[in-house]
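Chains, contacts and geometry: an overview
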Number of protein chains: 2
Amino acid sequence: MPRSVRFRKVSGGVTAARGFSAAGVRCGIKSNRRALDLALLLSDRPCSVAGAFTTIKAPAASVKWSRAVVKKGVARAVVVNSGNANACTGVRGERDAMAAAIAAAQELGLEPGHVCVASTGIIGHPLPMDKIVAGILDATEILAPDDEGAQAFARAIMTTDTVEKTIAAQTVIGRKVLTVGGSCKGAGMISPNLATMLSFVTTDAAISPGMLRRALGAAAGRSFNCITVDGDMSTNDTLLVLANGAAGNARITRPGRAFDQFAALLEFVCIHLAKKIVRDGEGATKFVEIRVRRAANDADARTVAAAVANSPLVKCAIHGGDPNWGRIVCKAAGCGAAFDPDKTRLRIGGALAYAKGVPAKTPLSDLEAAMKGDEVHIDLDLGLGRGAATMWTCDLSRDYVRINADYHT
Amino acid sequence: MPRSVRFRKVSGGVTAARGFSAAGVRCGIKSNRRALDLALLLSDRPCSVAGAFTTIKAPAASVKWSRAVVKKGVARAVVVNSGNANACTGVRGERDAMAAAIAAAQELGLEPGHVCVASTGIIGHPLPMDKIVAGILDATEILAPDDEGAQAFARAIMTTDTVEKTIAAQTVIGRKVLTVGGSCKGAGMISPNLATMLSFVTTDAAISPGMLRRALGAAAGRSFNCITVDGDMSTNDTLLVLANGAAGNARITRPGRAFDQFAALLEFVCIHLAKKIVRDGEGATKFVEIRVRRAANDADARTVAAAVANSPLVKCAIHGGDPNWGRIVCKAAGCGAAFDPDKTRLRIGGALAYAKGVPAKTPLSDLEAAMKGDEVHIDLDLGLGRGAATMWTCDLSRDYVRINADYHT
């Protein structure tokens, strides 16, 4: 990201960019009578679309459908339901995902192939299609290009999330103001390579599908692919970006300064959304950043960062505010990456905890202080090469267990 | 294991086999004033010794020392301390491990190179050598070849364990009664390829170091390498087997019927000890067996079994008694092993939960019943090849978090 680029945060989420309207309604999938569970997003003109999806070998029906839409590169609308993942539902599930796209297309006057779908919620139950269709009709009626529409959209995609996750920001490219905004959901089953994470980003930038795909790939690699709550990937992970060109900028069709600026803005928005997911991790009380530097290579750095980020022992220690650096070193030494205890340095919140095979002389009270706040920064210098990686995660609390043990199939 | 082989369980642990005596004392490492923390094991004659150790890249000093002893194949004694792992302690730690072996050797009239050492407990603190040496003297005085000695030994190696873990069994080989007995400790940081697990097995079988190593490798692969509590490997994992030949059988020096019988008995004892560790997993309320069959190959089967066994989401669902088969299928589909939803069958406690891409018609109440007991059996048939693997684990409870968040560095 060029250092000179500056962004301005603005209100609105998926409707911050010109030409987008959104809605969220209750169609009756969730048992909570006040919970919204169907969201709709519409652009007033065709969009370039790019996406990233779960790499699981049993993807949900919605993922298969939206992947096909993204492959063609053009979309105008997205239908999302929460409360039911439409995963492990076989042929019937695929028919239902298609039916949802068709219902929205008919209602909005679009081609079905321009409607993406996404689902999140319980696995293995057929979608209640009558409710979905009724919800699409209701949502169409209240589609709004304002904060209210964006907020209802953000609420309607939530499952175990405790807060809506929304951001929008602007930059100026060639005298044109470009806006990128988005909303996401996800709190458990969060892991690199996406996870039970749905994220919808809209922009009024004019950009070709190919360049949008390229910008999204880079942004996802530095945002959603850096977060983990529990190491579990889901059947439904979906990240979509729609760019409708309403900003009127010269269409971005190749690398260059305009592309770099747009890509940086997209990355800014994606990082913001990804961090919001970690902060809202199931039962989370702390945000944890794990930076691994000077690993033998980038792959090793990522292996170490992910191993530390997913270690229940490390996450429990962080929850308890215990500077248990031994567990961190242990995890780094045992995960398979190249490791030499005599070359390793571990800092917690800037305080040296371990260096050259032995504990550092830093007073325990300093290390304890570094573990006390809402944010914990773990910095592992492996002293071996140039590999680097960063992961964001949260602590592991009794509430994580409560939420996931009491969840009812 | 030949089906004809029958074993008889007997009392006593590490002292069940002839010629072994043991002791456990309090030397003052642990803060709990009633807790034993130093254990001693002695054979009245030289033993063939074999071992398996953590594969972590920062092993504790005790592991380095004992590995060297095992390499030579002969040992007579083992000194174990709990409460301090002597890990991440640098050169000083290595000197201390050697000093403990020398102190025991002097007191018992042995060569230091015939004394193994093992440590478990907190990482990064130097061993209190004055206490260790005093403890060795105390333990030497009360060494006993009976149940009392074995029980004190079993108690003195415990850390967060809530119960002693001991077993002994006998078989008859060529008219001679052979005994194998052992004790182990471990409750958290348990993962395949050993884990914070110490296990000591004794036998009066006459067997060469090479054949003992071979029998141990096979037994460990089907026992300690099949258990996981939290996927964390430790710096100190140690499994030792000492065979002193006091049974008077024809020394086993090559494959054959006698070797097979001995290996089966050793495996029986190791499986028993390994399962005890899982049942006593930190916060565990349920024992979970995960069997994967018809995977593309054995490595894939193991990947799937380990992924399911280490999934916090799956473990929380089991804790809550929730037949959340979706989380199990998800984990199997997302762990990187070959997977085809349409060929996969999942059974929980024998009841079909998922088959051919969709939920089975089994009533939810039947699946719930299968999750209710102390033992949960998960059976995944991937329908792809001949690969198979079994893992044993436990559920993830609020108490796991409490134990590991409140632990003090």
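1. A look at the interface of chain B and chain A
With 48 residues of chain B at the interface, the matching set in chain A holds 48 residues. Broken down by secondary-structure element, the contributors of at least two residues to the side of chain B that touches chain A are α8 (312–319), α9 (325–334), β13 (358–359) and α11 (398–406) of chain B. Split into classes, the residues belonging to the side of chain B that touches chain A amount to 23 nonpolar, 17 polar and 8 charged.

2. Things to note about unusual backbone geometry
At Arg175 of chain A, a residue that is not glycine, the phi angle is positive and equals roughly 70°. Relative to the helices and strands, Arg175 of chain A resides in the loop between β6 (165–173) and β7 (176–185).

3. Details of the relation of the copies chain B and chain A
Note on the copies: chain B fits chain A at an RMSD of 0.0 Å, the axial shift is 0.0 Å, and the rotation between them is 180°. In symmetry terms, the pair is related by a two-fold rotation axis. Measuring from the rotation axis to each C-alpha of chain B, the shortest distance belongs to Arg398 of chain B, at 2.4 Å. Interface overlap between copies is the fraction of interface residues in one copy that are interface residues in the other; for chain B against chain A it reaches 100%, indicating a shared surface.

4. What about α11 of chain B?
Helical geometry note: an α-helix holds 3.6 residues per turn, so side chains three or four residues apart project in the same direction. Within α11 of chain B, burial applies to Tyr400, Val401, Asn404 and Ala405 of chain B. Buried residues along α11 of chain B cover an arc of 115° about the axis, so they all sit on one side. Considering only its buried residues, α11 of chain B is in contact with α8 (312–319) and α11 (398–406) of chain A.

5. Topic: the sheet that holds strand β10 (residues 287–295) of chain A
Residues and elements named next belong to chain A. One open sheet holds the 6 strands; their spatial order is β13-β12-β11-β14-β10-β15, and the pairing between them is mixed. At either margin of the open sheet sits one strand with a lone partner, and together these are β13 (358–359) and β15 (387–394). Where β10 lies against β15, 7 bridges are found, and the strand directions are antiparallel. Within β15, the position partnered with Val288 by the bridge is Thr393. Contacts from helix α10 (residues 364–372) reach β11 (345–348), β12 (351–355) and β14 (375–381), with the element oriented near 115° to β12.

6. As for the domain arrangement of chain A
Residues and elements named next belong to chain A. Looking at the assigned domains, one finds that chain A contains domain 1 (10–279) and domain 2 (287–406). The straight-line distance from the C-alpha centre of domain 1 to that of domain 2 is 33 Å. Counting residues at the interface gives 12 residues for domain 1, matched by 11 residues for domain 2. Here the side of domain 1 that touches domain 2 is built from residues that sort into 6 nonpolar, 4 polar and 2 charged.

Cut-offs and rules
Residues numbered from 1 in each chain as written. Chains lettered and ligands numbered in written order. Predicted model: local features only at pLDDT ≥ 70, side-chain atom pairs only at ≥ 80, totals over all residues. Contact = placed C-beta atoms within 7 Å. Helix = DSSP H or I, 4+ residues; strand = E, 2+ residues; numbered from the N terminus. Nonpolar A, V, L, I, M, F, W, Y, C, P; charged D, E, K, R; others polar. Least-squares fit on C-alpha atoms with pLDDT ≥ 70 in both. Buried ≥ 20, exposed ≤ 12 C-beta atoms within 10 Å, placed from the backbone. Arc of directions from axis to C-beta. Pairing = 2+ DSSP bridges. Axes fitted to C-alpha atoms, helices over the stretch in contact; angles between N-to-C directions. Domains from an automatic or database assignment.

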